[in-house]
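Now for the letters of each chain:
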Amino acid sequence: MARFCTLFSGSSGNSTYIAASDSAVLVDAGRSCKQLLAAMESRGIEPRSIGAVLVTHEHTDHVSGLRVLLKKLGVPLYATPEVLERLRWDGVLVPGQEAHPVEAGERLTVGSLEIDSFDTPHDSAHSVGYRIRTPDGRRLAVATDMGYISENVARMLRGCDLVMLESNYEPGMLSACDYPYYLKRRIASNTGHLSNEVCAQELIELVRTGSTRFVLGHLSQNSNTPENAYQASYCALTAGGMREGIDFTLTVASRSGPSEMVVL
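The present account deals with the structure reproduced in this document.

Definitions and limits used
Residues numbered from 1 in each chain as written. Predicted model: local features only at pLDDT ≥ 70, side-chain atom pairs only at ≥ 80, totals over all residues. Heavy atoms only, no water. Phe/Tyr/Trp six-rings, centres within 6.5 Å; stacked < 30°, edge-to-face > 60°. Helix = DSSP H or I, 4+ residues; strand = E, 2+ residues; numbered from the N terminus. Expected span 1.5 Å × (residues − 1). Buried < 20%, exposed > 50% of the residue type's maximum accessible area, 1.4 Å probe, protein only. Arc of directions from axis to C-beta. Axes fitted to C-alpha atoms, helices over the stretch in contact; angles between N-to-C directions. Parallel < 35°, antiparallel > 145°, perpendicular 65-115°, else oblique. Left-handed = near helix turned anticlockwise from the far one by under 90°. Contact = heavy atoms within 4.5 Å. Nonpolar A, V, L, I, M, F, W, Y, C, P; charged D, E, K, R; others polar. Salt bridge = Lys/Arg side-chain N within 4 Å of Asp/Glu carboxyl O. Pairing = 2+ DSSP bridges. Core = buried A, V, L, I, M, F, W, Y, C linked by side-chain atoms within 4.5 Å.

## A closer look at the packing of aromatic side chains
1) Next: All told, the structure shown has one aromatic pair when counted by the stated rule.
2) Next: Pairing Tyr230 with Tyr234 gives two aromatic rings, centres 5.7 Å apart and planes at 10 degrees, and the pair type is stacked. Highlighted residues: Tyr230 and Tyr234, both in helix α9 (residues 226-239), separated by four residues, approximately one helical turn.

Below is the structure:
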């Protein structure tokens, strides 16, 4: 049995819970420790069950609660060497904290979970996504914060039972919002974020290669809405002849709190 739940997902903070029957991890800790613990409690997640925190990259919306949470849970941290160095420099990773460098493409284990990391093209020290395999063969992936979907990212997502994929912005809303021009260019660049349309097209390929459950994540607060993100993916999938509830399930991760627990 596998369990998946986003605690928070969006431009104001990100954290995702993934578990098997006897092991669990958090991917990122981008809200305060207090908020993260409250979100876990509301979904019946026992903090002592968490075996490690995996960090995708060092941006604030992924690590703002990390230092306090690691101290509270007393668990190791996994991230790329470049991100670990940046976290030390920023004072997020304190002396004495157990931390393990993970090279992209490397496999690690936390309890009974097998975890593969993969590069994501983003303007950070070194951003990665994670694909996690449970003992019963379920595969779940978290892939956010990337300007485009590389061949390697696509390969790592194919065949996963559940994929959380970034659907960050709607191009028209991004163009019209009050972000400064340099930020709009950054978001829409090859090292920025995925648009609703690019996300939607990738979901079609994922259904064709065996994936069935999708969670749209990391939505922008100012240049997207849950309705826009959902409709872009839903319309693309149904136009491709795929049926919701039969060929795929599609949900949008909540920005402000935990989403419903998915049990596979």
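## Notes on α9
1) Next: With 14 residues, α9 should reach 20 Å at 1.5 Å per residue; the first-to-last C-alpha distance of 20 Å fits that figure.
2) Next: Every buried residue of α9 is accounted for by Ala229, Ser233, Ala236 and Leu237. Along α9, the residues classed as buried sweep out an arc of 100 degrees about the axis, all on the same side. Those residues of α9 that are exposed and aimed more than 90 degrees away from the buried face are Glu227 and Ala239.
3) Next: Once α9 ends, the next one or two residues include Gly241, with phi positive near 85 degrees.

## Side note on the packing of helix α8 (residues 196-208) against α9
1) Next: Direction vectors running N to C along α8 and α9 enclose 40 degrees, while the axes themselves pass 8 Å from each other. Classed by the angle they form, the pair α8 and α9 counts as oblique. Here the hand of the crossing between α8 and α9 comes out right-handed. Every residue of α9 that contacts α8 at Asn196, Cys199, Ala200, Gln201, Leu203, Ile204 and Val207 is listed here: Asn228, Ala229, Ala232, Ser233, Ala236 and Leu237.
2) Next: Looking at the contact of α8 with α9, its residues break down into nine nonpolar, four polar and no charged.

## Focus on the pattern of salt bridges
1) Next: In the structure shown here, the tally under the stated rule is 10 salt bridges.
2) Next: Across the salt bridge formed by Arg86 and Asp90, the nearest N and O atoms sit 3.2 Å from each other.
3) Next: Its salt-bridge partner being Arg138, residue Asp161 comes within 3.2 Å of it at the nearest N-O pair. Here the residue Asp161 occupies a position in the loop between α5 (151-157) and β11 (162-166), and Arg138 occupies one in the loop between β9 (128-133) and β10 (139-143), the gap between them amounting to 23 residues.
4) Next: The exposure class assigned to Asp161 is buried, which follows from its relative accessible area of 17%.
5) Next: Note on Arg138: relative accessible area 26%, which makes it partly exposed.
6) Next: Each of Arg107, Glu114, Asp116 and Arg131 takes part in a single network of salt bridges with overlapping partners.

## Section: the sheet that holds β10
1) Next: As summarised here, the arrangement of the seven strands in space is β7-β8-β9-β10-β11-β12-β13, forming an open sheet in which the pairing is mixed. Two strands close off the open sheet at either side, each with one partner strand: β7 (107-110) and β13 (249-252). Between one strand axis and the next, the sheet turns by 20 degrees as a mean value, whatever way the strands run.
2) Next: Note that β9 and β10 share four bridges and pair antiparallel. Across the sheet, residue Tyr130 finds its bridge partner in β10, namely Val142.
3) Next: Across the sheet, α9 lies against β12 (213-217) and β13, angled at about 160 degrees from β13, the strand it touches most.

## Section: the pairing of strand β1 (residues 3-8)
1) Next: Within β1, five of the six residues are buried, which leaves it mostly tucked inside the rest of the structure.
2) Next: Bridging between β1 and strand β2 (residues 15-19) involves five bridges; their strand directions are antiparallel. Bridge assignment links Phe4 to a residue of β2, and that residue is Ile18.
3) Next: Of the strand pairs in this sheet, β1 and strand β14 (residues 262-263) are connected by two bridges, and their pairing is antiparallel. Bridge pairing in β14 places Phe4 opposite Val262.

## Remarks on the nonpolar core
1) Next: Ranked by size, the top nonpolar core spans 29 residues in total, and within it Leu7, Leu66 and Leu69 carry the most contacts.
2) Next: Contributing elements (two or more residues each) for this core: β1, β2, β3 (24-27), α1 (33-42), β4 (50-54), α3 (66-73), β5 (77-79) and α4 (81-89).
3) Next: For Leu7, the contacting residues outside a window of four places in its chain are Ser15, Thr16, Leu26, Leu36, Ala39, Met40, Ile45, Gly257 and Pro258.

Keep in mind these values describe shape, not function.
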